[in-house]
Amino acid sequence: MAWYEKFADALISLDFKPSLADPSLFIIIHLGTLFAIKDLGALHFFLGLQVTRNVKGLFLSQTKYAIDILQKCNIVGIKPCTSPCPANFKLSASDGDLLANPTEYRSLVGSLHYLTWTRPDISFAFNHICQFMHAPTTAHLQAAKRVLRYIKGTLGHGIIFSQGFNALQGYTDVEWAGNPDDRRWSCKLQWRWSKLRLNSVGADELVLVIVGGSVGSGFVDGWL
């Protein structure tokens, strides 16, 4: 569009550099010529994200934030477990009894949402429990606490960006009408999870849809 081209040209003339991954993102290289800037050194902690550099690369974690969640829920001494959810994990809106005070559940799930930034291993379980925010039950709360037990035993986990990284791996899975409430398909794309409105298509067609989405997402992630 003409207005965008004019706007982009103006930013580029001010030493902004457009991002290859997002056309709406511009980065300025020489901020020091426009503003008084102080170099704070290497990044170590920012908004709950802990950054550690070593010979393997850049390691991002949220250990302190995870401990804060355990303390907030008064379950620091909870027994750890080895997985965020059991095998063949399914939750239904009718499981268990309604909680008298759903605020605790909503606060817990909201806290876990931010933790998924560096903990893609809990994304599948998280996306199950976050579907019942409107009317959580005792079964849903039990599932959420199972995630906390897993976090307790994996506080040091995070994401590492290795030096010389030149290959991106993606993982895709699909489940036939796996949701017990609406019988929709369940799609696992890399570390994201979603339900699809594609019950009428066959398994082969759906797999093609999911794989295509995975490849497209991989291109964007590679640019980033």
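Below you will find a few notes about this structure.

Rules of the game
- Residues numbered from 1 in each chain as written.
- Predicted model: local features only at pLDDT ≥ 70, side-chain atom pairs only at ≥ 80, totals over all residues.
- Heavy atoms only, no water.
- Helix = DSSP H or I, 4+ residues; strand = E, 2+ residues; numbered from the N terminus.
- Buried < 20%, exposed > 50% of the residue type's maximum accessible area, 1.4 Å probe, protein only.
- Contact = heavy atoms within 4.5 Å.
- Areas by Shrake-Rupley, 256 points an atom, 1.4 Å probe, with all protein chains shown as cover.
- Phe/Tyr/Trp six-rings, centres within 6.5 Å; stacked < 30°, edge-to-face > 60°.
- Polar contact = N/O pair within 3.5 Å; in protein donor to acceptor, adjacent residues only side chain to side chain.
- Pairing = 2+ DSSP bridges.
- Axes fitted to C-alpha atoms, helices over the stretch in contact; angles between N-to-C directions.
- Parallel < 35°, antiparallel > 145°, perpendicular 65-115°, else oblique.
- Nonpolar A, V, L, I, M, F, W, Y, C, P; charged D, E, K, R; others polar.

## A word on the overall build of the chain
When you go through the chain residue by residue, the secondary structure sums to six helices and nine strands. Buried residues in the chain amount to 32% of all 224 residues. The long-range share in the chain, meaning contacts at least 24 apart out of those at least 6 apart in sequence, stands at 62%. Counting only carbon and sulfur atoms, one obtains 61% of the accessible surface of the chain, whose full area is about 14,500 Å².

## Thoughts on the packing of aromatic side chains
Under the criterion given, the structure shown has two aromatic pairs. Residues Tyr114 and Trp117 carry aromatic rings whose centres are separated by 4.9 Å and whose planes lie at 50° to one another, so their mutual orientation is tilted. On the basis of relative accessibility, which here comes to 21%, the residue Tyr114 falls in the partly exposed class. Taking relative accessible area as the criterion, Trp117 reaches 55% and is therefore assigned exposed. Aromatic ring contacts, followed pair by pair, group Tyr65, Tyr114 and Trp117 into a single cluster.

## A look at the side chain of His140
Inspection of the secondary structure assignment puts His140 in helix H5 (residues 138-153). What makes His140 buried here is its relative accessible area of 0%. Within polar-contact distance, the side chain of His140 engages the backbone oxygen of Ser92 at 2.9 Å. In contact with His140, other than residues within four places in its own chain, are Leu91, Ser92, Ala93, Asp95, Tyr105, Ile129, Phe132 and Ala135.

## What about the pairing of strand S4 (residues 49-54)?
Where strand S3 (residues 45-46) lies against S4, two bridges are found, and the strand directions are antiparallel. What sits directly across from Phe45, in S4, is Gln50. As consecutive antiparallel partners, S3 and S4 are separated by two residues, and within that stretch Leu47 has a phi angle of approximately 50°, a positive value. Two elements, S4 and strand S5 (residues 57-61), share five bridges in a ladder whose sense is antiparallel. Residue Asn54 lies in a different strand from S5, and its bridge partner there is Gly57. The turn linking S4 back onto S5 is made up of two residues.

## Focus on the packing of helix H2 (residues 63-72) against helix H3 (residues 103-115)
Look at H2 against H3: their axes get within 10 Å of each other, and the N-to-C directions meet at 175°. The pairing of H2 with H3 is recorded here as roughly antiparallel in orientation. Contacts from Tyr65, Ala66, Ile69 and Lys72 in H2 reach Ser107, Leu108, Ser111, Leu112, Tyr114 and Leu115 in H3. The residue makeup of the contact of H2 with H3, split by class, is seven nonpolar, two polar and one charged.

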